[in-house]
Every structure is written in structure tokens, then in C-alpha cells.
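# Examination of the molecular architecture
This is what each chain is made of:
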Amino acid sequence: MELINKYFPDLSQVQLHQFSKLHDLYLEWNEKINVISRQDTAHIVERHILHSLAIAKVLKFTPGTQIMDVGTGGGLPGLPLAIFFPEAKFTLVDSIGKKIKVVNEIIDALELDNVRAYQKRAEEVPHKFDFITGRGVTNMIDFTGYIRKKIRQENQNGLPNGVLYLKGGDLSTEKEYFGDIYDVMPISDYYQEAFFESKVVVYLDLSY
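A brief structural summary.

Conventions and cut-offs
Residues numbered from 1 in each chain as written. Predicted model: local features only at pLDDT ≥ 70, side-chain atom pairs only at ≥ 80, totals over all residues. Heavy atoms only, no water. Buried < 20%, exposed > 50% of the residue type's maximum accessible area, 1.4 Å probe, protein only. Helix = DSSP H or I, 4+ residues; strand = E, 2+ residues; numbered from the N terminus. Arc of directions from axis to C-beta. Contact = heavy atoms within 4.5 Å. Polar contact = N/O pair within 3.5 Å; in protein donor to acceptor, adjacent residues only side chain to side chain. Core = buried A, V, L, I, M, F, W, Y, C linked by side-chain atoms within 4.5 Å. 1 Å grid on protein atoms, 1.4 Å probe; cavity = no way out; pocket = protein on both sides within 12 Å on 5 of 7 lines; lining within 4 Å. Points joined across faces, edges and corners; volume = space filled by probe spheres on them. Nonpolar A, V, L, I, M, F, W, Y, C, P; charged D, E, K, R; others polar. Axes fitted to C-alpha atoms, helices over the stretch in contact; angles between N-to-C directions. Left-handed = near helix turned anticlockwise from the far one by under 90°. Pairing = 2+ DSSP bridges. Right-handed = clockwise from strand over helix to strand, strands pointing away.

### Observations concerning helix α7 (residues 140–147)
Within α7, burial applies to Met-140, Phe-143, Thr-144 and Ile-147. For α7, the angular spread of buried residues about the axis comes to 100 degrees, placing them on one side. Elements that come into contact with the buried residues of α7 comprise β1 (66–70), β4 (131–135), β5 (162–168), α8 (172–178), β6 (182–186) and β7 (199–205). The backbone nitrogen of Ile-141 lies 3.0 Å from a side-chain oxygen of the residue at the head of α7, namely Asn-139.

Here it is, written out as C-alpha cells:
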């Protein structure tokens, strides 16, 4: 866990143990179900866990913050963030049942009591949230259509409520479409590894 400790030196021993166990669980489950890319199994910490935690570099969720991770797949970025923010509340959703089964098994194995995972589409979740997270689900224009009505109006964090989304590639079309409510934080501002040179956290202010 040296790489995680390098960028997050204040983690507790419990959190470090959970991150280490999360890595092992992904290796174990990936032999049964394709939870992450097979070519990434040697880079789980960097390309999946640390990548997910880039959101924690952008915003520190206050206790009680409600986050929905949409299209969570194998629990990314939701599970690493839930470990990092034990006092925030996470709802992980995906339409693929076998992936949610894996996520629930991991939640139980890590004894995480601040996470719930459901086989649902975002539109089917009855609650509203402070933030919506995602990673490579679809383009932001379509994504926003799915979750626009799921954002609470009352703010309690350092950024107004909205979307925190892990992306890469050409963002010019999205930036033009959303205008001033669309902000880009290069992950290379936080991490030194070459993998992150083209990766960003997109923040979309949907508090209005």
C-alpha cells in the first residue's frame, strides 16, 4: 500500500488494511468475473484504487454527505471512497446484477457499514444525494440526463452539490455544452505517475 500511503499519509491502520484487502479481493473475484480489465490486474492500486481516490483530492466530504456512485461496475470509485470517508454515506448502483453481487460480497468482507449496493438504474433510486460520482460510464451530457433530478439543493460541503466524474480524453464538446458550471481538475496536479497525465476529475455544479 506504499503508493496510497505516499499520497494519503494520514490514513488509519484500519483504512490501510481495508485498502490492502480490497486489492486482494479484486484479484480473487476477477478470476471468476471480469470486474476490472484483465490487463490491469498488476496495476489495481494505481489504476483503480488510487485513481478513484483522486476525488478525495478535489473534495473532502463532510460527515453525513450522501453520495451515489452510478454505473459502479465492481465498485469504482465508490468502494475506495467509502473506505476513505467512513462518515459519509454511499449508494452504489449498476444495472448488471453479477457486478453488484461482487460489490456486496466485498462490502461484507470489508465490514463497511456506510455503503449499500443495488442492481438499479440511477433513475430508479428514490432518494436524492449531495454528489453523484462515476467513472467512464458515458459522456457527461447523457450522464447528466440520468441523474439531474437526483441532486439535493441544500449544500453542506466545500463545493456546491453536483457531479464528480473521473474522465480522460477530449472534453471540449462537454465544456462548450455546459459552460461555467463545468470545471476540470487534472489528476496530474495531485499524482506524479505517468498514468494520470491525461486523467481528470470533472466537477459539474448542479446545485441550482
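### Overview of the nonpolar core
Counting 54 residues, the largest nonpolar core has Phe-8, Phe-61, Leu-79 and Phe-90 as its most contacted members. Setting aside residues up to four positions removed in sequence, Phe-61 forms contacts with Ile-55, Ile-67, Phe-85, Ala-88, Phe-90, Phe-131, Asn-157 and Leu-164.

### Comments concerning the layout of surface pockets
Size it by volume and the largest pocket reaches roughly 360 Å³. Secondary structure elements with two or more residues in the lining of the largest pocket: α3 (44–52) and β5. The residue inventory of the lining of the largest pocket, partitioned by class, reads seven nonpolar, eight polar and six charged. Its volume calculated, the second largest pocket comes out at about 170 Å³. Around the second largest pocket, the lining residues are Val-70, Gly-71, Val-93, Asp-94, Ser-95, Lys-120, Arg-121, Ala-122, Glu-123, Val-137 and Tyr-146.

### Remarks on the packing of helix α2 (residues 13–30) against helix α6 (residues 97–110)
The N-to-C vectors of α2 and α6 enclose an angle of 145 degrees; their axes lie 11 Å apart at closest approach. Classified by chirality, the crossing of α6 by α2 is right-handed. Contacts between α2 and α6 pair Gln-18, Lys-21, Leu-22, Leu-25, Tyr-26 and Trp-29 from the former with Lys-101, Val-102, Glu-105, Ile-106, Ala-109 and Leu-110 from the latter. A class-by-class count of the residues in the contact of α2 with α6 yields eight nonpolar, one polar and three charged.

### Examining the pairing of strand β3 (residues 115–119)
Looking at chain direction, strand β2 (residues 89–94) and β3 are connected through five bridges and run parallel. Each bridged residue has a counterpart across the sheet, and for Asp-94 the counterpart in β3 is Gln-119. In this fold, the crossover linking β2 to β3 by way of α6 has right-handed handedness.

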